[in-house]
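Residue-level listing of the chains:
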Amino acid sequence: MTSAPRGAARGTSQRDLEEDADELVHLYGLEDDDELGDEFADETMPRIEVSEYPAAEQRDWRLSGEAAEAEDLGFGGWGSEGQCQDLREAYRYAHGRASEEYECYVIPEEEDEEEAPDVFCATCKLPLRALEKVLEEHKGHEVTPLSKALESAKDEIHKNMCRLEKQIIEMENFACHLEEVFITVEENFGRQEQNFESHYNEILETLAQKYEEKILALGEKKKEKLEALYGQLVSCGENLDTCKELMETVEEICHEEKVDFIKDAVAMADRLRKFLETKTDVELAAQPALEDQTLDFSDVEQLLGSINTIPAPSAPVINPQAPSSATGSSVRVCWSLFSDDTVESYQLSYRPVRDGSPGTDHTESTVTVKETYCSVANLEPNTQYEFRVTAQNRAGLSPASERAVYMTAPSPPVIKSKEVRSCEEAALIRWESGNLNPVDSYTVELTQAEAPGAAGVTESVVGVPTCEALVQLQPRQSYAIYVRALNVGGPSARSEPATVHTTGSYFRLDEQTCHPWLAISEDGLTAVRSERKAPTREPPPRSTRFSRCVAVMGNLIPVRGRHYWEVEVDERSDYTVGVASEDVPKQEDLGANRLSWCMRHTWAAPRHKYEFLHNKTTPDIRITVPPKKIGILLDYENSTLSFFNVDISQHLYTFSCQLPQFVHPCLSLEKPGRLKIHNGIPVPKHVALY
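Residues numbered from 1 in each chain as written. Predicted model: local features only at pLDDT ≥ 70, side-chain atom pairs only at ≥ 80, totals over all residues. Heavy atoms only, no water.

An unreviewed UniProt entry lists the protein under the name Fibronectin type III and SPRY domain containing 2, from Pipistrellus kuhlii.

Next comes the structure, spelled out in C-alpha cells:
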C-alpha cells in the first residue's frame, strides 16, 4: 500500500478527473494520438482507488465550464492552436492529481494461477486446497495429504504394471504355444495332402492299367468271333456256288437227246446225291454278343482303404538341451519328427542318471503329450536325467528315439554369513554350493537398497568359478547380496540375501586360529578366557591354531586401503591387540617376531604397563590414562599402524611398518578376561588426521 498527502485545495475524485480528461480527448479527436497513448496507456500501471474525499469538492468539468477551469489551471485557451498540448497537460493533471492529493492505496493485480492443491479427496477423486471451507465441504470423505495420495497412486500403478507384465508374459507364452500348434497343423495338413495325392495317383495308375488289360481282352474276343464268322461265311459262299453250278448242269442235261440224257442223268444223280448227303452247317459259329467282363477292383479297394490307414510313425529325434531351459525342479524337453508321418501323441520317458549311467534303483516315468515339447516337473536340482520319446498314431507306436541327457538347474547357493567380510570399498562373499554335483559357475548380484527384499539389480558379477568373490562397492551404502549357481540347464534361484554395510571394515574372529583356552561368542566379535583351569590334555596342535600364546586372529578383508576397528578392554586384565600376518608363527607370542605389530598391556596393581611390540622391541612410551576402548587404524597406503584411546580421542602410538602381504587383526589374553571388537564403524575425525 502507498499513500500521498491530502491536498489543501479543492479535491476531485480520480474517476471524475479521468472521465473529464477522456471526454476532452474524445471531443478534440485525440484518441489516435500516439504520444498520448504511449504516455498514459501503460497496462502495467496499478489501479488507484481513492479511499476518502469530500463530497462537496466533487465537480464535473462537463457541467462547470471546461475553458474556465482550464484557464484557472494554466492550460491556456481551448480554441488556440496549442489546444492539443493543453489537453495533454489536462490529461496528465487528471491522471496524476488524485494520486498526489488524496490518500489512496494500490490494489495488486490478481494472480492468474491458483494456488497448488495440497490434499486429495479419495472419495471425490479431486485434489484440493487445505482450507477450512473446502475441508468442511468434504467432511466425512477420505482426505489424505497430496504427497501420500501420489505415493499411493504410484504404488497402485506399479502393482498394476507388474500384473500387466505378468499377463503380457502369460499371453506371450500362450501366443508361442498357439504358434507352435499352428505350425503343427500346417505340417499335418501338408503331410495329409501329400498322402492323399500319392494314394490318388496310385489309384489312377491302377485303374488305367486295368482298363488297358480289359480292352486288350475284349479285342482278342472280337478278333476270334470275327474270324469264326468269316470262315463260316466263306464256306457258305462255296456251297452256294456249287448249288448254282449243279442247277445249271441239270438244266443243260434236260435239253440233251434221250440217249445222252440217260448217260449224263445217271452220273448227275450220283453227284447230286453225294452233294445233298453232305451236311451243311447253317448255325452261327460265333454269337454276336460279347460276354460280360467281371472287373476285379479288390486291389483298388485295398488302395482306397489304405488312404485311411496311416502307417506307424518313425522314431522322433530329441533336440540338444537349450540354454536356460530348466529350473531347479523342472526341465523343458523338445524333439523333432523328420518324416511325413502323422502323429496323434508322444510318450516321453525319463529317469535320473547316477554316476554317468541311468539309475537302476529308479523306475522310469512316462508322460503323454500332443506337442513336440514337454515341461517335466518335480525333478531334483542339478541332476542329469535321461530322456527318450516315441510317437504314436492309430497304426501303432514308433521306435524309441535315441536317449538324450538333460540337466536341471542348480539349487540356490547358501551364503556363509559368518564369513562375510567388508570395508568401505569392497566385500568378500563366501558361500556353499548346495548341490551334490558340480556347477559351471556362479553369479553374484548386488542390490543397493536398505531392505534385502528391494527389487532390481544394481550390479552383477558373472562367471565366478569358485565359492568366493571379492566385489567392489561404493562407500557408505547398504547392499543386499545374492548368489546364483549356473549349469547347462540355466541359473538357479537367488540365494537368501546377505546384507553388507560399507560404513567401515567388518570382520569376525576366526575360530580356526583360536587357542583352545579361548571361547568365541556366537557373533564372532568377543573372545573370553575363563577362570577354569586348563585341560590336562589339550587338543593336538594345528598349523593354523595358536598353541603357546592364548590368542586368536580375525578375518580382515584382503583389500589395501584404510581399516579401522576398536577393541573394548578391561583395565585389570593382561591383553595384547594388534595385527599379524597369516603365517605368523603360532608357537610364539604376538609381537615377538617380524610378522606381528602389537600393543600389550600388563597390570600389576596399581601399575599399568603398556608396550608397543614388534620383533620383541618396544619404544619407551608412558600412558597416563588407561584406555577402556582402543582404536586401531591400519593404513596400507602409508604403511602405518596406529593406536588410539577412543574415550579421550588420544593418539597413543604409530608403527611405521612394511606390509608386503595382507595382515589380520589379532588379540590375546594372558589372564582370564574378555575382549570385544567393535567394527563396521566409520573412521572418527581425530583418527582420520593420521
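A. The UniProt feature "coiled-coil region" (unreviewed entry) in the protein, seen in detail. As annotated by UniProt and renumbered to match this structure, "coiled-coil region" (unreviewed entry) occupies residues 201-228. A helix fraction of 100% and a strand fraction of 0% characterise residues 201-228, whose end C-alpha atoms lie 41 Å from each other. (UniProt positions renumbered as here; feature names shortened; annotations may be inferred. Helix = DSSP H or I, 4+ residues; strand = E, 2+ residues; numbered from the N terminus.)

B. Fine view of the nonpolar core. Judged by nonpolar contacts, the single largest core of 35 residues is most densely connected at Trp 565, Val 577, Met 599, Leu 641 and Phe 643. The residues touching Leu 641, leaving out its near neighbours within four places in the chain, are Val 579, Trp 597, Ile 632, Leu 633, Leu 634, Tyr 653, Thr 654, Phe 655 and Cys 657. Cys 374, Tyr 385, Ala 404 and Tyr 406 belong to the second largest nonpolar core, which has 20 residues in total. (Core = buried A, V, L, I, M, F, W, Y, C linked by side-chain atoms within 4.5 Å. Buried < 20%, exposed > 50% of the residue type's maximum accessible area, 1.4 Å probe, protein only. Contact = heavy atoms within 4.5 Å.)

C. Structural view of the packing of aromatic side chains. A full pass over the atoms with the stated rule returns eleven aromatic pairs. With a centroid separation of 5.4 Å and 65° between ring planes, the pair formed by Trp 431 and Tyr 442 is classed as edge-to-face. Here Tyr 442 lies in strand β18 (residues 441-448) and Trp 431 lies in strand β17 (residues 426-432), a separation of eleven residues in the sequence. We note that Trp 431, like Tyr 442, is buried. The structure contains a cluster of three or more aromatic residues connected by ring pairs, namely Tyr 350, Tyr 385, Phe 387 and Tyr 406. One Lys or Arg, Arg 332, reaches over the ring of Tyr 373 and ends 4.3 Å from the middle of that ring. (Phe/Tyr/Trp six-rings, centres within 6.5 Å; stacked < 30°, edge-to-face > 60°. Lys NZ or Arg CZ within 6 Å of the ring centre and 35° of its normal.)

D. Broad picture of the pairing of β17. Within β17, five of the seven residues are buried, which leaves the element mostly enclosed by the surrounding structure. One ladder, built from two bridges, connects strand β16 (residues 421-422) with β17; its direction is antiparallel. Bridge pairing in β17 links Arg 421 to Leu 428. The loop that links β16 with its antiparallel partner β17 comprises three residues. By the bridge criterion, five bridges tie β17 to strand β20 (residues 468-472) in an arrangement that is antiparallel. (Pairing = 2+ DSSP bridges.)

E. How the structure looks around helix α7 (residues 146-254). Here α7 is 109 residues long and its end C-alpha atoms lie 156 Å apart, about the 162 Å a rise of 1.5 Å per residue gives. Listing the buried residues of α7 in full gives Ala 149, Arg 191, Asn 195, His 199, Ile 203, Thr 206, Lys 210, Gln 232, Leu 246 and Ile 253. (Expected span 1.5 Å × (residues − 1).)

F. Local environment of empty space enclosed by the protein. Throughout the structure, instances matching the rule amount to one cavity of 30 Å³ or more. Lining the largest cavity are Trp 565, Val 567, Val 577, Gly 578, Ile 632, Pro 665, Cys 666, Leu 667 and Ile 677. When residues of the lining of the largest cavity are traced back to their parent elements, those giving at least two are β28 (562-568), β29 (575-581) and β35 (663-669). No other element matches the three residues that β35 contributes to the lining of the largest cavity. When its residues are assigned to classes, the lining of the largest cavity shows eight nonpolar, one polar and no charged. (1 Å grid on protein atoms, 1.4 Å probe; cavity = no way out; pocket = protein on both sides within 12 Å on 5 of 7 lines; lining within 4 Å. Points joined across faces, edges and corners; volume = space filled by probe spheres on them. Nonpolar A, V, L, I, M, F, W, Y, C, P; charged D, E, K, R; others polar.)

G. Structural context of unusual backbone geometry. Residues other than glycine seldom take positive phi values, yet Lys 125 does so here, at roughly 60°. Given the relative accessible area of 59%, Lys 125 is considered exposed.

H. Geometry of a nonpolar patch on the surface. A contiguous nonpolar surface patch, about 360 Å² in accessible area, is contributed by Ile 157, Met 161, Leu 164 and Ile 168. When you line up the elements, Ile 157 lands in helix α7. On the basis of relative accessible area, Ile 157 is assigned to the exposed category, the value being 52%. (Patch = residues over 30% accessible without salt bridge, like charges linked within 9 Å, V, L, I, M, F, W, Y side chains within 5 Å. Areas by Shrake-Rupley, 256 points an atom, 1.4 Å probe, with all protein chains shown as cover. Salt bridge = Lys/Arg side-chain N within 4 Å of Asp/Glu carboxyl O.)

I. Structural context of the sheet that holds strand β4 (residues 126-128). Taken in spatial order, the three strands make up an open sheet running β4-β3-β5, and their pairing is antiparallel. In the strand order of this sheet, the two ends are held by β4 and β5 (143-145), each with one partner. The sheet shows a mean angle of 30° between the axes of neighbouring strands, taken without regard to direction. Pairing of strand β3 (residues 119-121) with β5 involves three bridges; the strand directions are antiparallel. Across the sheet, the residue bridging to Phe 120 is Thr 144, located in β5. (Axes fitted to C-alpha atoms, helices over the stretch in contact; angles between N-to-C directions.)

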